[in-house]
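These are the residues of each chain, in order.
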Amino acid sequence: MDVYEAVNSRQAVRAFSDEPVHKEVLERVLAAATRAPSSGNLQPWHAYVLAGEPLAELKRRATARALAGDPGDEREYPMYPAELVSPYLDRFSAAAAQRYEAMGVERDDPERSMKLAALNAQAFGAPVVLFCYLDRTMGPGQWADAGMYVQTVMLLLRAEGLHSCPQVFWSMYHKTVSQTVGADDGLELFCGVSMGFGKKGVPRPRTGRADMAETVSFLGV
């Protein structure tokens, strides 16, 4: 797949089919993803890939927590700044409204948070989830490296005809994830990446993007 096509067709898919993903495909993707940019070549990411019964058990445990209204473990890093202002708040709100509608959750539903957490805990039906960790000694630069690694994985999945959904949701239940994958205390969970084939017949709205002129300045070009 052309790289432009991979970038343009990548989106956070929140409805996966139960069609299995062959291990050879995952190995091919993750082997190629080792070439992701890494400052100083530290390659700070640690990935755990779950499928089958281990993933099913994690989904059961996380879903039980979500349906019980469990707010999650003590946060190890903030998902978003405490005070979002325009234009970031506007973009966030517009995307959230679109996402709620696509998942059939009313914005004013009093059980909205619980329902959304339960959908996330099911990894939206994905048959495979990758969990990306970093060593706790790493700093902001290495977190940027981890983001580039995850993006590289997602683009390579598109080249294989697969879709994905990055989920920082899993950082809310990081203790449950770490117990399942066996990550030691020296590692901090960054996010999960659900992956698989998109479910057919399910709406997949694409979130809008700011015009390039809002985010890019050309100087001397």
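Relevant structure appears above.
A few words on the state of the cysteines. Under the definition given, this model contains zero disulfides. The structure places no disulfide on Cys-191, whose sulfur is separated from the nearest cysteine sulfur, that of Cys-132, by 5.6 Å.

The next thing to look at is the pairing of strand β4 (residues 187–196). Extensive coverage of β4 is indicated by the burial of 10 of its 10 residues. Bridge count for strand β2 (residues 128–135) against β4 is eight bridges, and the pairing is antiparallel. Bridging across to β4, Leu-134 finds its partner in Glu-188. Pairing analysis gives five bridges linking strand β3 (residues 163–167) to β4, with the strands arranged antiparallel.

What follows covers the pattern of salt bridges. Under the defined criterion, the tally for this structure stands at nine salt bridges. A salt bridge links Glu-27 to Lys-23, with the shortest nitrogen-to-oxygen separation between them at 4.0 Å. With Glu-27 and Lys-23 both in helix α2 (residues 23–33) and four residues apart, this pair spans about one turn of that helix. By relative accessible area, which is 45% here, Glu-27 ends up partly exposed. Residue Lys-23 is classed as exposed on the basis of its relative accessible area, which comes to 58%. Asp-73 is the salt-bridge partner of Arg-65, the closest N and O atoms lying 2.8 Å from each other. For Arg-65, a relative accessible area of 16% corresponds to the buried category. Residue class for Asp-73 comes out buried when judged on its relative accessible area of 10%. Sharing partners across several salt bridges, the network here consists of Glu-53, Glu-57 and Arg-60.

Strand order in this open sheet of four strands is β1-β2-β4-β3, and the pairing throughout is antiparallel. The open sheet has two edge strands, β1 (45–51) and β3, and neither has a second partner. For this sheet, the mean angle separating the axes of adjacent strands, direction not counted, is 25°. The strands touched by helix α7 (residues 174–181) are β1, β2 and β4; relative to β2, the strand with the most contacts, the crossing angle is about 100°.

About the cut-offs
- Residues numbered from 1 in each chain as written.
- Predicted model: local features only at pLDDT ≥ 70, side-chain atom pairs only at ≥ 80, totals over all residues.
- Heavy atoms only, no water.
- Disulfide = S-S within 2.5 Å.
- Buried < 20%, exposed > 50% of the residue type's maximum accessible area, 1.4 Å probe, protein only.
- Helix = DSSP H or I, 4+ residues; strand = E, 2+ residues; numbered from the N terminus.
- Pairing = 2+ DSSP bridges.
- Salt bridge = Lys/Arg side-chain N within 4 Å of Asp/Glu carboxyl O.
- Axes fitted to C-alpha atoms, helices over the stretch in contact; angles between N-to-C directions.
- Contact = heavy atoms within 4.5 Å.

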